[in-house]
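As a plain string of letters, each chain reads:
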Amino acid sequence: MRVVVVGSINQDVVAHVERIPSPGETVLASSMLRSGGGKGANQAVAARRAGGAEVAFVGAVGVDVEGTQLRRALEHDGIDVAGLAQLEGPSGIALISVDSQAENAIVVIPGANGRIISLSDSQRTVVAEAGVLLTQLEIPLSLVAEAAAGRRADAWHVLNAAPASPLASEGVELRGFVDVLIVNEHEALDVSGTDHVAEAVAVLSARVPALVVTLGGAGSIVVCGGERVDIRSFPVEAVDTTGAGDTFCGVFAATLAASGRAPDSVDVSLLAAAARAGAAAAALAVTRLGAQDAVPSAADVAALLIEGASS
Ligand code: RIB
């Protein structure tokens, strides 16, 4: 089953700082790193490195050197980039500060990601080949909606609602639109319009067939068919949390694809297994610098899952 990711692709410019500056403040970085990024591209890399899954990426880069490098990096990972358009103007750039606690602050200049407002014929063909369609909200919502509508009837739509958005006020009715919604705790509050995670879980799980709420070091919650499973996190020493959520989503989608099952046969145990694999991959990712640079191999993830099962 093929994973098709429709989403953003950025050149990340990362500054390592002691602490993230307050408004009006200047701080000096100890080092910097340029890495492939963008929530969509990061998720495609994670799905691909999870092993086995055929992965295609649909999005847009600009006509600059960054666009060429970003495309090559995906190709190098064995990702099908036939759906990666090249548009006039610059590629997306993300300016990222990572502090000594491994936390980050990100400013995205969307570039080509913001200029692609509808799918081309060739991109529609790629979407129609998806067994699992994986989307996020770092591209225009119209594009996410078009991709979701263009998927096969038996294909999954996994939506990672990041960056956060109050989707309902933008006219998106989640029911029928997504099979699995993945949000972190902040996104859960924004999408549900509630003030507490428990309330958000109740509201959102009534609106989608399956819900995953990631809670960083506190693990994640999986809800499906009235059943809930709490997934433990893997304790690690974090150095950079950038892209950890993307790694979770990519590996989650690849696990669904590997199951060969269709969304109408979803159950909580399949989703819990996918979330466990995603959590192991995300734990490894935070021990390394960068976004795509930090995505672990399938072998490393399998080893951590085995170690976690025995501890
Ligand atoms: O989720 C992390 C990503 O957010 C970074 O790679 C950056 O490009 C932004 O899109």
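This text follows the structure it describes.
Here the structure is a predicted model, which means the values were calculated and not measured.

Q: Help me out: how do you make sense of the packing of aromatic side chains in this one?
A: The relative placement of two aromatic rings is captured by the distance of their centres and the angle of their planes. If you walk through the whole model with that rule in mind, you get 1 aromatic pair. Summarising the aromatic geometry, the rings of phenylalanine 248 and phenylalanine 252 are spaced 6.1 Å apart at their centres and angled 20° between planes, so their arrangement reads as stacked. Here phenylalanine 252 and phenylalanine 248 lie together in helix α8 (residues 244-259), a separation of 4 residues that amounts to about one turn.

Q: Looking at this model, I keep getting lost on the site of the ligand. Mind explaining?
A: Neighbouring the ligand are 13 residues, the closest being Asp12, Gly38, Lys39, Glu138 and Asp246. Between the ligand and asparagine 10, the relevant distance is 3.0 Å, taken from an oxygen atom to a side-chain nitrogen or oxygen of the residue. In this structure, glycine 38 approaches the ligand through a main-chain N or O atom, which is 2.9 Å from an oxygen atom. When the free accessible area of the ligand is taken as 280 Å², the share hidden by the protein chains comes to 96%. If you list the elements that add at least two residues to the shell around the ligand, you get β2 (10-16), α1 (39-49) and β7 (104-109).

Q: Got a minute to help me understand a nonpolar patch on the surface in this structure?
A: Where nonpolar side chains cluster on the molecular surface, the patch consists of Leu95, Val107 and Ile109 and spans about 250 Å² of accessible area. Turning to its location among the elements, leucine 95 is positioned in strand β6 (residues 92-98).

Q: Sorry, what's going on with unusual backbone geometry here?
A: Glycine aside, the phi torsion of most residues is negative, and most peptide linkages are trans. With an omega dihedral of -5°, the bond running from alanine 162 to proline 163 counts as a cis peptide bond. Its location among the elements puts proline 163 in the loop between β9 (156-160) and β10 (180-184). Notably, alanine 102 is not glycine yet its phi reads approximately 75°, a positive angle. Secondary-structure assignment places alanine 102 in the loop between β6 and β7. Residue alanine 102 is classed as buried on the basis of its relative accessible area, which comes to 1%.

Q: What should I look at first to understand the packing of α8 against helix α9 (residues 268-285) in this one?
A: A pair of packed helices is captured by two measures, namely the crossing angle of their axes and the spacing between those axes. Where α8 meets α9, the closest approach of the two axes is 7 Å, and the angle between their N-to-C directions is 145°. Note that α8 runs across α9; the crossing there is right-handed. Residues Ala244, Thr247, Phe248, Val251, Phe252, Thr255, Leu256 and Ser259 of α8 touch α9, and the partners they reach there are Leu270, Leu271, Ala273, Ala274, Ala275, Ala277, Gly278, Ala279, Ala281, Ala282 and Ala285. Each residue belonging to the contact of α8 with α9 can be placed in one class, and the counts come to 15 nonpolar, 4 polar and no charged.

Q: Hey, could you run me through the side chain of glutamine 136 in this one?
A: Position of glutamine 136 relative to the elements: it lies in the loop between β8 (132-135) and α5 (141-150). Here the side chain of glutamine 136 touches glutamine 43 through a polar contact of 3.2 Å, side chain to side chain. With residues up to four places along the chain from it excluded, the contact list for glutamine 136 reads Val5, Val6, Gly7, Ser8, Lys39, Gly40, Gln43, Val144, Leu159, Asn160 and Ala162.

Q: Got a minute to help me understand the sheet that holds β8 in this structure?
A: Sheet strands pair via backbone hydrogen bonds, and the direction of the pair is either parallel or antiparallel. One open sheet accounts for 9 strands, arranged β5-β4-β1-β8-β9-β10-β11-β12-β13; its pairing is mixed. The open sheet has two edge strands, β5 (80-86) and β13 (227-231), and neither has a second partner. For this sheet the average axis-to-axis angle between neighbouring strands, irrespective of direction, equals 15°. Of the pairings in the sheet, the one linking strand β4 (residues 54-61) to β5 comprises 5 bridges and is parallel in character. Of the residues in β5, the one forming a bridge with valine 58 is glycine 83.

Q: Hey, could you run me through the pairing of β2 in this one?
A: Along any regular strand the residues' side chains alternate between the sheet's two faces. Burial analysis of β2 places 5 of its 7 residues in the buried class, which makes it a mostly covered element. Looking at chain direction, β2 and strand β3 (residues 31-37) are connected through 7 bridges and run antiparallel. Along β3, the bridge assignment pairs aspartate 12 with serine 35. Judged from the 7 bridges that link them, β2 and β6 form a sheet pairing that is parallel.

Q: Which parts of the structure should I look at to understand the pairing of β10?
A: Of all 5 residues in β10, 4 are buried; the element is thus mostly enclosed. Of the pairings in the sheet, the one linking β9 to β10 comprises 3 bridges and is parallel in character. Across the sheet, asparagine 160 pairs through a bridge with isoleucine 182, a residue of β10. The sheet contact formed by β10 and strand β11 (residues 210-214) spans 5 bridges and is parallel. Within the sheet, the bridge partner assigned to isoleucine 182 lies in β11 and is valine 212.

Q: Is there a simple way to think about the pattern of salt bridges in this case?
A: Oppositely charged side chains may form a pair once their charged atoms are brought near each other. Tallied over the full model, the rule gives 13 salt bridges. Close ionic contact of arginine 151 with aspartate 179 constitutes a salt bridge, the shortest N to O distance being 3.5 Å. Taken together, the residues span a long stretch of sequence, with arginine 151 in the loop between α5 and β9 and aspartate 179 in the loop between β9 and β10 at a distance of 28 residues. Neither arginine 151 nor aspartate 179 differs from the other in exposure class; each is buried.

Q: Got a minute to help me understand helix α4 (residues 121-128) in this structure?
A: Working note: α-helix, 3.6 residues per turn, so residues spaced by three or four point in the same direction. Along α4, the residues classified as buried are Gln123, Val126 and Val127. Projected down its long axis, α4 shows its buried positions confined to an angular sector of 100°, all on one face. Structurally, α4 contributes buried residues whose contacts are with β1 (2-6), β4, β5 and α5.

Scoring rules and cut-offs
Residues numbered from 1 in each chain as written. Predicted model: local features only at pLDDT ≥ 70, side-chain atom pairs only at ≥ 80, totals over all residues. Heavy atoms only, no water. Phe/Tyr/Trp six-rings, centres within 6.5 Å; stacked < 30°, edge-to-face > 60°. Helix = DSSP H or I, 4+ residues; strand = E, 2+ residues; numbered from the N terminus. Near = heavy atom within 4 Å. Polar contact = N/O pair within 3.5 Å; in protein donor to acceptor, adjacent residues only side chain to side chain. Areas by Shrake-Rupley, 256 points an atom, 1.4 Å probe, with all protein chains shown as cover. Patch = residues over 30% accessible without salt bridge, like charges linked within 9 Å, V, L, I, M, F, W, Y side chains within 5 Å. Salt bridge = Lys/Arg side-chain N within 4 Å of Asp/Glu carboxyl O. Buried < 20%, exposed > 50% of the residue type's maximum accessible area, 1.4 Å probe, protein only. Axes fitted to C-alpha atoms, helices over the stretch in contact; angles between N-to-C directions. Left-handed = near helix turned anticlockwise from the far one by under 90°. Contact = heavy atoms within 4.5 Å. Nonpolar A, V, L, I, M, F, W, Y, C, P; charged D, E, K, R; others polar. Pairing = 2+ DSSP bridges. Arc of directions from axis to C-beta.

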